[in-house]
Amino acid sequence: SFVDAVAFELDGMGGAYVADRGGGVVAYVHPECEKTTIITNWRADTLIASPVSIALMPTGILVADATTPGVWRVQLNEDHTFNNAVNLDFTPHHVNDLDWSP
């Protein structure tokens with residue numbers, strides 16, 4: 001069950017990705033709520049401790065984490081299960097080094 005769900009993103013096919021900050025869970029709720037697939041769970045993998053926002057990407061999702069500071073690019077398998085993740089490390093000392101010019 002979700003403890004403190006704070007964000008969700010519809011996938012355009014009847015399902016949705018959910019960020020649960022309190023439970024430290026990122027999950028996929030299948031169409032018609034037939035089942036829920038846990039993608040990451042901080043108790044099991046300590047990857048994303050406090051997810052607060054989700055955005056869709058072509059091969060997965062971007063997840064903003066309130067505690068690790070950073071954004072995670074999570075690649076998913078076709079069945080919405082976890083494949084791998086990369087921390088994009090948007091910490092303040094890196095943001096200043098980015099080229100924001102058009």
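Quick look at the structure, then.

**Here's the deal with the sheet that holds strand β4 (residues 36-41)**
Phase 1 of the analysis: The strand order across the open sheet built from four strands is β1-β2-β3-β4, with neighbouring strands paired in antiparallel fashion. The open sheet is flanked by β1 (5-10) and β4, the only strands paired with a single partner. Here the strands of the sheet are splayed against their neighbours by 20 degrees on average, with no regard to which way each runs.
Phase 2 of the analysis: Two elements, β1 and strand β2 (residues 16-20), share five bridges in a ladder whose sense is antiparallel. Bridged to A5 within β2 is D20.

**Observations regarding the sheet that holds strand β8 (residues 82-87)**
Phase 1 of the analysis: Read across the sheet, four strands follow the order β5-β6-β7-β8 without closing on themselves; strand pairing throughout is antiparallel. Two strands close off the open sheet at either side, each with one partner strand: β5 (51-57) and β8. On average, each strand axis in the sheet is tilted by 25 degrees relative to the strand beside it, whichever way the strands run.
Phase 2 of the analysis: Bridge count between strand β7 (residues 70-76) and β8: five bridges; the pairing is antiparallel. The partner of W72 across the bridge, within β8, is N87.

**A closer look at the nonpolar core**
Phase 1 of the analysis: I39, I61 and V74 are the most contacted members of the largest nonpolar core, which totals 14 residues.
Phase 2 of the analysis: With three residues, the single largest contributor to this core is β7.
Phase 3 of the analysis: Every residue in contact with I39, bar those within four places of it in the chain, is listed here: Y17, V26, A27, Y28, I61, V74, L76, H80 and F82.

**Section: the pairing of β7**
Phase 1 of the analysis: Where burial is concerned, most of β7 is hidden: five out of the seven residues are buried.
Phase 2 of the analysis: Looking at chain direction, strand β6 (residues 60-65) and β7 are connected through six bridges and run antiparallel. Its bridge partner lying in β7, I61 is registered against V74.
Phase 3 of the analysis: Counted along the chain from β7 to the antiparallel partner β8, the turn is five residues long, and its residue H80 has a positive phi close to 70 degrees.

**With respect to the environment of V3**
Phase 1 of the analysis: Turning to its location among the elements, V3 is positioned in the segment before β1.
Phase 2 of the analysis: Overall, V3 belongs to the exposed group, its relative accessible area being 60%.
Phase 3 of the analysis: If we ignore the near neighbours within four places in the chain, the residues touching V3 are D20, G22 and G23.

**Some words on the environment of T81**
Phase 1 of the analysis: The topology assignment puts T81 in the loop between β7 and β8.
Phase 2 of the analysis: The class for T81 is partly exposed, based on a relative accessible area of 24%.
Phase 3 of the analysis: For T81 and I39, which are 42 residues apart along the polypeptide, the C-alpha to C-alpha distance reads 5.5 Å.
Phase 4 of the analysis: Excluding residues that lie within four positions of it along the chain, T81 makes contacts with T37, Q75 and L76.

About the thresholds
Residue numbers restart at each chain and count upward from 1, following the sequence in its written direction. For a predicted model such as this one, the threshold for reporting local features is a pLDDT of at least 70, and the threshold for listing and counting side-chain atom pairs is 80 or more; totals across whole chains, interfaces and linings nevertheless cover every residue. With hydrogens and water set aside, each side-chain value is computed from the structure's full complement of heavy atoms. Each pair of strands is called paired provided DSSP finds at least two bridges between the two strands. Only DSSP runs of H or I with at least four residues qualify as helices, and only runs of E with at least two residues qualify as strands; both kinds are numbered from the N terminus onward. Note on geometry: axes are C-alpha line fits, over the in-contact stretch for helices, and angles between N-to-C directions span 0 to 180 degrees. Residues belong to one nonpolar core when they are buried, are Ala, Val, Leu, Ile, Met, Phe, Trp, Tyr or Cys, and are joined through side-chain atoms within 4.5 Å. Per-residue accessibility, obtained with a 1.4 Å probe over protein chains only, is compared with the maximum for each type, and a residue is labelled buried under 20%, exposed over 50%, and partly exposed between these values. Any two residues whose heavy atoms approach within 4.5 Å are treated as being in contact.

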